[in-house]
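Spelled out from the first residue to the last, the chains are:
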Amino acid sequence: MTDDVRNMVLGVIAAGISAALGWLARTYLWKRKLRRKQAFFGLPDNAESLLVVNRDPAAAEPAVHRFDVFALLELSALVKECGAHVQIVTQDTAQPGFGERTEFCVGGPASNRRMTAHMAAMLPGVRVNVDAEPGPDRGAFQIGSERYRLEPGRTEYVLLARLTDGQNRKARPVFLFCGQRAITNQAATRYLARHHERLSRKHGTGSFVLLLKVVNSQAYGPDVVELVADVTRAAQAPLPAAAPRTSHRAS
């Protein structure tokens with residue numbers, strides 16, 4: 001074997017080893033990223049999850065608003081990426097207890113009984129005005145001593161929460177998407193899909209409650225979303241008896 005042939009063979013072997021090492025490294029990083037994502041969502045391989053659908057309060061017959069349908073599609077994609085399975089149930093038929101399966105609950109208290117139950121049990125510091133009569137506080141959020149009013153199409157709020165049973169490490173999380181309008185529910189699911197890695201680094205597998213603001217949805221749809229505040233402490237504390245001190249409106 002001449003020196004040129006030997007060098008060529010060694011070059012091919014070195015290239016093969018480099019390619020194999022690169023593939024192994026990429027596979028390791030991909031699997032580590034997947035495991036972190038599965039831990040955050042509580043969705044190991046082949047796990048079962050529950051997606052609780054609300055109803056469109058404006059429809060005479062039981063129906064789901066189109067923006068909520070879009071939210072369900074985005075959540076279903078997240079579940080599939082984790083290698084898990086999803087069961088879709090309506091808000092009036094959801095029966096499983098908290099922590100048995102990862103749950104994604106979409107819609108405010110006016111359209112989702114399951115959301116009403118979760119908020120009463122786990123977010124005592126939050127109130128949502130569900131009055132049917134028009135008024136400045138219709139649809140408003142009260143979180144602790146702060147009130148966040150709805151201005152349709154301009155400034156709308158949504159709560160994105162990940163809640164767990166801190167005393168049971170095996171309990172699966174519940175994700176809440178509680179918006180003032182259906183488009184804000186989709187905005188919250190999209191925010192979760194885009195930022196779950198950052199949220200996982202910051203909060204780990206613990207509970208959090210974020211207040212998001214959807215800006216100018218009549219022009220930008222669910223895409224322009226701002227984080228207003230982490231309201232975990234205020235949302236999980238009993239609501240003050242005194243009237244809220246501050247009301248937030250669009251500027």
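Heads up: the structure comes first, above all this text.
Here goes a summary of the coordinates provided.

Reading the values: the criteria
Here the residue index of a chain counts from 1 through its sequence in written order. Given that this is a predicted model, residues contribute local features only at a pLDDT of at least 70 and side-chain atom pairs are listed and counted only at 80 or more, while totals for whole chains, interfaces and linings are drawn from all residues. For the side-chain quantities, the full set of heavy atoms in the structure was used; hydrogens and water were omitted. For each residue, the accessible area found with a 1.4 Å probe, counting protein chains only, is set against the maximum for its type, and the residue is called buried under 20%, exposed over 50%, and partly exposed in between. Only DSSP runs of H or I with at least four residues qualify as helices, and only runs of E with at least two residues qualify as strands; both kinds are numbered from the N terminus onward. Of all possible arcs, the one meant is that of the directions from the helix axis to the C-beta atoms. Buried Ala, Val, Leu, Ile, Met, Phe, Trp, Tyr and Cys residues that are joined via side-chain atoms within 4.5 Å together make up what is termed a nonpolar core. Whether two residues touch is decided by their heavy atoms; if any such pair falls within 4.5 Å, the residues are in contact. A carboxyl oxygen of Asp or Glu within 4 Å of a side-chain nitrogen of Lys or Arg is what we treat as a salt bridge. Surface patches are drawn from residues lacking salt bridges whose relative accessible area is over 30%; two like charges belong together within 9 Å, two nonpolar side chains (Val, Leu, Ile, Met, Phe, Trp, Tyr) within 5 Å. To measure how exposed things are, a 1.4 Å probe is used in the Shrake-Rupley method; for residues, cover is taken only from the protein chains shown. Neither His nor the chain ends is counted toward charge; the positive residues are Lys and Arg and the negative residues Asp and Glu. A single reference atom marks each charge: NZ on Lys, CZ on Arg, CG on Asp, CD on Glu. In protein, a polar contact means a hydrogen-donor-capable atom and an acceptor-capable atom, both N or O and within 3.5 Å, with residues adjacent in sequence counting only if both atoms are side-chain atoms; elsewhere, any N or O pair within 3.5 Å suffices.

All of the buried residues along helix 3 (residues 113-122) are Arg114, Met115, His118, Met119 and Met122. Along the axis of helix 3, the buried positions cluster into a sector of 130°, meaning they face one direction only. Exposed residues lying more than 90 degrees from the buried face of helix 3 are Arg113, Ala120 and Ala121.

Phe41, Leu43, Phe104, Phe177 and Leu192 are the most contacted members of the largest nonpolar core, which totals 27 residues. Where this core is concerned, the elements lending two or more residues are helix 1 (3-41), strand 1 (48-53), helix 2 (66-81), strand 3 (102-106), strand 7 (155-163), strand 8 (174-179), helix 4 (182-203) and strand 9 (208-215). In this structure, Phe41 is in contact with Leu78, Cys82, Thr102, Phe104, Pro173, Phe175, Leu192 and His196, ignoring residues within four places of it in sequence. Membership of the second largest hydrophobic core comes to 23 residues, among which are Ala161, Leu163, Cys178 and Ala235.

Here the focus is the pattern of salt bridges. The final tally for this structure, using the stated rule, is 12 salt bridges. A salt bridge links Glu81 to Lys37; its shortest N-O distance comes to 2.3 Å. Taken together, the residues span a long stretch of sequence, with Glu81 in helix 2 and Lys37 in helix 1 at a distance of 44 residues. Exposure remark for Glu81: the relative accessible area of 46% places this residue in the partly exposed category. Relative accessible area serves as the criterion here: at 13%, Lys37 is assigned to the buried category. Residue Asp223 pairs with Arg194 through a salt bridge whose shortest N-O separation is 3.6 Å. Linking Asp223 in the loop between helix 5 (217-220) and strand 10 (225-230) with Arg194 in helix 4, this pair joins segments that are 29 residues apart in sequence. For Arg194, a relative accessible area of 53% puts it in the exposed group. Through salt bridges with shared partners, a single ionic network connects Glu74, Arg190, Arg194 and Asp223.

On the surface, a cluster of positive charge is made up of Arg32, Arg36, Arg198, Arg201 and Lys202. Among the elements of the structure, helix 1 and helix 4 are those that each provide at least two residues to the positive patch. A per-element tally of the positive patch places helix 4 first, with three residues. Topologically, Arg201 is positioned in helix 4. Arg201 gets classed as exposed once you look at its relative accessible area, which sits at 64%.

Before going further, it helps to examine the side chain of Asn112. Mapped onto the elements of the fold, Asn112 is located in the loop between strand 3 and helix 3. Judged by relative accessible area, which is 0%, Asn112 ranks as buried. A distance of 2.7 Å separates the side chain of Asn112 from the backbone oxygen of Val106, its partner in a polar contact.

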